[in-house]
Amino acid sequence: MRAVTVVGGSLAGLTATRALRDQGFDGRIVVVGDELHTPYDRPPLSKEFLAGTQSVDDLALTTPEDTELAAEWRLGRRATALDAAERTVVLDDGERIVADAVVLATGARARPLPGPMPAGVHVLRTLDDAVALRADLVPGARLVVVGAGFIGSEVASTAAGLGLDVDFVANGAVPLERALGADVGRFCAGLHAAAGVRLHTGCGVAGVVGSDRVTAVRLTDGRELPADVVVVGIGALPNVEWLAGSGLALDDGVVTDSAGATSLPSVVAVGDCANSHRSYTGGMLRLEHWTNAVQQPVGAVAALLGRVHTPAPHHEVPYFWSDQYGHRVQFAGHRTPDCQVEIVEGDPAAADFLALYLDPSGSPVAVLGVDRARSFGRMRRRLGDRLTVAT
Amino acid sequence: MIYVGAVSDIPDGEAVKVQGSVPIAVFHVEGRLYAIDDTCTHQDASLADGWVEGCAVECPLHAACFDLRTGLPSGPPAKKAVRTHAVVVSDGEIWVEESVAVEPRFPVGAGASEHA
Ligand SMILES: Cc1cc2nc3c(=O)[nH]c(=O)nc-3n(C[C@H](O)[C@H](O)[C@H](O)COP(=O)(O)OP(=O)(O)OC[C@H]3O[C@@H](n4cnc5c(N)ncnc54)[C@H](O)[C@@H]3O)c2cc1C
Ligand code: FES
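This one's a predicted model, so the numbers in the text were calculated from it and none came from an experiment.

**Quick word on the overall build of chain A**
Turning to step 1, where the next piece is worked out: If you tally the helices and strands in chain A, you get eight helices and 26 strands.
Turning to step 2, where the next piece is worked out: The C-alpha atoms of chain A give a radius of gyration of 21 Å, which matches the 21 Å a tight globule of 391 residues would have.
Turning to step 3, where the next piece is worked out: Each principal axis of the C-alpha atoms in chain A carries an extent, and together these give about 60 × 55 × 40 Å.
Turning to step 4, where the next piece is worked out: Across the 391 residues that make up chain A, the buried fraction comes to 54%.
Turning to step 5, where the next piece is worked out: Restricting the contact set of chain A to residue pairs at least 6 apart, pairs at least 24 apart contribute 59%.
Turning to step 6, where the next piece is worked out: On chain A, roughly 16000 Å² of surface is accessible, and the fraction owed to carbon and sulfur atoms is 52%.
Turning to step 7, where the next piece is worked out: Separation of charge centres in chain A, based on 34 positive and 46 negative side chains, amounts to 2 Å.

This is the structure in structure tokens:
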């Protein structure tokens, strides 16, 4: 193998590039990324960076050592097509990059509300999004956060900390209901309430009011919430449209096996754009987790190079964290709707606890910790060991 | 010197946190004691809460691994080393001597531009 093209110049793309070199590949690597920025870390965009306690420099993912990767970066250039037979990536300016293998790491983008939006309505996925939003988060301003997933929850938390007046619109009964379940969602609702954030549950958004600039958000129950700023956090869509017609199997992302191999030889997909088979669940999952984007490329690159890679069992357990209202929430495993939650340490009322998600047979399939990093870490490993026993 | 506790207070494979000029984590690994700065150099996490494997601790947040003997990270996401501190045991009691300066140290091969 003499040349590899990596499409997507962010966390998974950079990690794949490092993994190629770590695993001994000394050929040509071209990294194509449609953002102008060198790779940066996204999690702080809704946390420290938005709060103003981290700078752009703090977000940098690359280190001085990365110059030794000797990769050719094509930043600000978008891949528009993949010619799989030739393993050729076509860029927006017509350049065709031919290689022996292709790593797809195009991530995901924020899902917008339909239709044109007045100024003051934001999504949050990129550094540019975060810079624009931060400029609008002035103390005393009225912020409406639409969508009670992780981005919405963290933005509400950060904005409340900055002294904004926050309304939080959730279509479920509690925030994070889908990810964490109703019990833990109720705990999260309590965190918002304690910070003075008004939670509006069980309703959606009927429309955004304002001609030049947003003035209100109209809810499906007919109410209007006055707004100076709106953040829409209603999920993310995988950036895979450009791959239509390439012959790749696509289904909510690029379909891959557990190592990241796609339906086409010498093409792998990793990170937020990959809908992969997961040995932990035995099914397909597209994970939008930082840790997945740093672990999956290592195995995918090994597969490309024909090397054997056996991930540590606990790396097979999906994991993410979230920071809200000064509390660190960590989750590992996979929750199904029929899980029962059992508090095994601490007390949710004190915002300090460890909870297990038990499947109908009573065995733990996921763990959640709030400010309990040590016991969380142990339970995360035990979930991984469970996998070793099961297989 | 910072008093840590009795040797018997830290079971093998465990760590305790003490307060120096910054929080310091003291680890017990197979009969040996190591002291390093407790806060991960990547973001905000306590290494005393991490997973100890051999002579390294894995950060509980994003899994950067630090060598307990040198403080050096084995790779991303951490870029900088944590400080290490001398551990003194006398009469079964553990004391830590905090390294004087909060001098930044970098992984081998890191460019001088990191000092900026
Ligand atoms: C605000 C925010 C907070 C988060 N917080 C957490 C957290 O607390 N914990 C956690 O576990 N995870 C968190 N995440 C998720 C985490 O950041 C992602 O899982 C991670 O960024 C995925 O990396 P990736 O490289 O796969 O995709 P991305 O980071 O999306 O990168 C993909 C890159 O490819 C580029 N690209 C797309 N299409 C093309 C194309 N056709 N040609 C060229 N380039 C293209 C994109 O512009 C982008 O630069 C957060 C995400 C966001 C946005
Ligand atoms: S905080 Fe330790 S690795 Fe990120």
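**Points about the packing of aromatic side chains**
Residues and elements named next belong to chain A.
Turning to step 1, where the next piece is worked out: Scanning all chains against the criterion turns up seven aromatic pairs over all chains.
Turning to step 2, where the next piece is worked out: With 5.8 Å between their ring centres and 80° between their planes, tryptophan 290 and tryptophan 321 make a pair best called edge-to-face. Within this pair, whereas tryptophan 290 is found in helix H7 (residues 290-304), its partner tryptophan 321 is found in strand S22 (residues 319-324), the two being separated by 31 residues in sequence. You'll find tryptophan 290 and tryptophan 321 in the same group, each marked buried.
Turning to step 3, where the next piece is worked out: Pairing phenylalanine 320 with phenylalanine 331 gives two aromatic rings, centres 5.3 Å apart and planes at 20°, and the pair type is stacked. Note that phenylalanine 320 is positioned in strand S22 and phenylalanine 331 in strand S23 (residues 327-333), a separation of eleven residues in sequence.
Turning to step 4, where the next piece is worked out: Accessibility expressed as a relative area gives 10% for phenylalanine 320, which makes it buried.

**Quick notes on unusual backbone geometry**
Residues and elements named next belong to chain B.
Turning to step 1, where the next piece is worked out: Cis geometry marks the peptide bond from proline 76 to proline 77, where omega comes out at 5°.
Turning to step 2, where the next piece is worked out: Position of proline 77 among the secondary structure elements: in the loop between strand S7 (65-67) and strand S8 (84-90).
Turning to step 3, where the next piece is worked out: Here the phi dihedral of alanine 63 falls at roughly 65°; this positive angle occurs in a residue that is not glycine.
Turning to step 4, where the next piece is worked out: Mapped onto the fold, alanine 63 is located in the loop between strand S6 (56-58) and S7.

**Remarks on the packing of helix H1 (residues 11-22) of chain A against H7 of chain A**
To characterise two packed helices, one gives the angle between the axes of the helices and the distance between these axes.
All names here are of chain A.
Turning to step 1, where the next piece is worked out: At their nearest, the axes of H1 and H7 sit 8 Å apart, and the two run at 35° to each other. Judged by the twist between their axes, the crossing of H1 over H7 is right-handed. Packed against H1, whose contacting residues are Leu11, Ala12, Thr15, Ala16, Ala19 and Leu20, the element H7 presents Trp290, Ala293, Val294, Pro297, Val298 and Val301 at the interface.
Turning to step 2, where the next piece is worked out: When the residues that make up the contact of H1 with H7 are grouped by side-chain class, the tally is eleven nonpolar, one polar and no charged.

**Some details on the pattern of salt bridges**
Residue and element names in this part refer to chain A.
Turning to step 1, where the next piece is worked out: This model, assessed by the stated rule, comprises 33 salt bridges over all chains.
Turning to step 2, where the next piece is worked out: The salt bridge involving arginine 28 is made with glutamate 72; its shortest N-O contact spans 2.9 Å. Placement of the pair is arginine 28 in strand S2 (residues 28-33) and glutamate 72 in strand S3 (residues 72-75), with a sequence separation of 44 residues.
Turning to step 3, where the next piece is worked out: Residue class for glutamate 72 comes out partly exposed when judged on its relative accessible area of 30%.
Turning to step 4, where the next piece is worked out: One salt bridge in this structure joins glutamate 154 and lysine 47, with 2.9 Å as the shortest N-O distance. Remark: lysine 47 occurs in the loop between S2 and helix H2 (48-51) and glutamate 154 occurs in helix H5 (residues 150-161); sequence separation between them is 107 residues.

**Some words on the interface of chain A and chain B**
Turning to step 1, where the next piece is worked out: In this assembly, 22 residues from chain A lie in contact with 25 residues from chain B.
Turning to step 2, where the next piece is worked out: For the pair chain A and chain B, the interface holds five salt bridges.
Turning to step 3, where the next piece is worked out: With a closest N to O distance of 3.6 Å, glutamate 53 of chain B and arginine 381 of chain A form a salt bridge.
Turning to step 4, where the next piece is worked out: Considering each element in turn, the side of chain A that touches chain B owes the most residues, five residues, to helix H8 (residues 373-390) of chain A.
Turning to step 5, where the next piece is worked out: The class makeup of the residues in the side of chain A that touches chain B is eight nonpolar, five polar and nine charged.

**Details of the domain arrangement of chain A**
All names here are of chain A.
Turning to step 1, where the next piece is worked out: When cut into domains, chain A gives domain 1 (3-109 + 237-311), domain 2 (112-234) and domain 3 (316-390).
Turning to step 2, where the next piece is worked out: Between domain 1 and domain 3, the contact holds twelve residues from the first and 16 residues from the second.
Turning to step 3, where the next piece is worked out: Regarding the contact of domain 1 and domain 3, the summed buried area is about 1200 Å², with carbon and sulfur atoms giving 65% of it.
Turning to step 4, where the next piece is worked out: Of all residues in domain 1, the largest losses of buried area upon contact with domain 3 belong to Lys47, Tyr280 and His289, amounting jointly to 52% of the total for that side.
Turning to step 5, where the next piece is worked out: In this structure, the connection of domain 1 to domain 3 is made through zero salt bridges.
Turning to step 6, where the next piece is worked out: Our enumeration of links across domain 1 and domain 3 arrives at two residue pairs in polar contact (both at pLDDT 80 or more).

**Topic: the site of ligand 1**
Residue and element names in this part refer to chain A.
Turning to step 1, where the next piece is worked out: Surveying the vicinity of ligand 1 reveals 34 residues, the closest of which are Asp34, Glu35, Arg42, Lys47 and Arg125.
Turning to step 2, where the next piece is worked out: In the environment of ligand 1, an oxygen atom lies 2.8 Å from a nitrogen or oxygen atom belonging to the side chain of aspartate 272.
Turning to step 3, where the next piece is worked out: Within the backbone of tryptophan 321, one N or O atom sits 2.9 Å away from an oxygen atom of ligand 1.
Turning to step 4, where the next piece is worked out: Protein contact buries 95% of the 1000 Å² of open area that ligand 1 shows by itself.
Turning to step 5, where the next piece is worked out: Those elements that provide at least two residues to the shell around ligand 1 are H1, S2, H5, H7 and S22.
Turning to step 6, where the next piece is worked out: Here the residues of the shell around ligand 1 are counted per class, giving 15 nonpolar, nine polar and ten charged.
Turning to step 7, where the next piece is worked out: Each of domain 1 (3-109 + 237-311) and domain 2 (112-234) accounts for three or more of the residues forming the shell around ligand 1.

**Things to note about the sheet that holds S6 of chain B**
All names here are of chain B.
Turning to step 1, where the next piece is worked out: Strand order in the open sheet formed by three strands is S5-S6-S7, with antiparallel pairing between adjacent strands. Edge positions in the open sheet fall to strand S5 (51-53) and S7, since each of these has one partner strand only. Across the sheet, the mean angle separating the axes of adjacent strands is 25° when strand polarity is ignored.

**Examining empty space enclosed by the protein**
Turning to step 1, where the next piece is worked out: In this structure the tally under the stated criterion is two cavities of 30 Å³ or more.
Turning to step 2, where the next piece is worked out: Here the largest cavity defines a volume of roughly 110 Å³.
Turning to step 3, where the next piece is worked out: His314, Arg374, Gly377, Arg378, Arg380 and Arg381 of chain A together with Asp49, Gly50, Trp51, Glu58, Cys59 and Pro60 of chain B are the residues that line the largest cavity.
Turning to step 4, where the next piece is worked out: Ranked by the residues each element gives to the lining of the largest cavity, the list is headed by H8 of chain A, at five residues.
Turning to step 5, where the next piece is worked out: Its residues assigned to classes, the lining of the largest cavity shows three nonpolar, three polar and six charged.

Procedures and definitions
Residues numbered from 1 in each chain as written. Chains lettered and ligands numbered in written order. Predicted model: local features only at pLDDT ≥ 70, side-chain atom pairs only at ≥ 80, totals over all residues. Heavy atoms only, no water. Helix = DSSP H or I, 4+ residues; strand = E, 2+ residues; numbered from the N terminus. Rg over C-alpha atoms; globule rule 2.2 N^0.38 Å. Buried < 20%, exposed > 50% of the residue type's maximum accessible area, 1.4 Å probe, protein only. Contact = heavy atoms within 4.5 Å. Areas by Shrake-Rupley, 256 points an atom, 1.4 Å probe, with all protein chains shown as cover. Lys, Arg positive; Asp, Glu negative; His and termini not counted. Charge placed at Lys NZ, Arg CZ, Asp CG, Glu CD. Phe/Tyr/Trp six-rings, centres within 6.5 Å; stacked < 30°, edge-to-face > 60°. Axes fitted to C-alpha atoms, helices over the stretch in contact; angles between N-to-C directions. Left-handed = near helix turned anticlockwise from the far one by under 90°. Nonpolar A, V, L, I, M, F, W, Y, C, P; charged D, E, K, R; others polar. Salt bridge = Lys/Arg side-chain N within 4 Å of Asp/Glu carboxyl O. Domains from an automatic or database assignment. Buried area = accessible area lost by both parts, 1.4 Å probe. Polar contact = N/O pair within 3.5 Å; in protein donor to acceptor, adjacent residues only side chain to side chain. Near = heavy atom within 4 Å. Pairing = 2+ DSSP bridges. 1 Å grid on protein atoms, 1.4 Å probe; cavity = no way out; pocket = protein on both sides within 12 Å on 5 of 7 lines; lining within 4 Å. Points joined across faces, edges and corners; volume = space filled by probe spheres on them.

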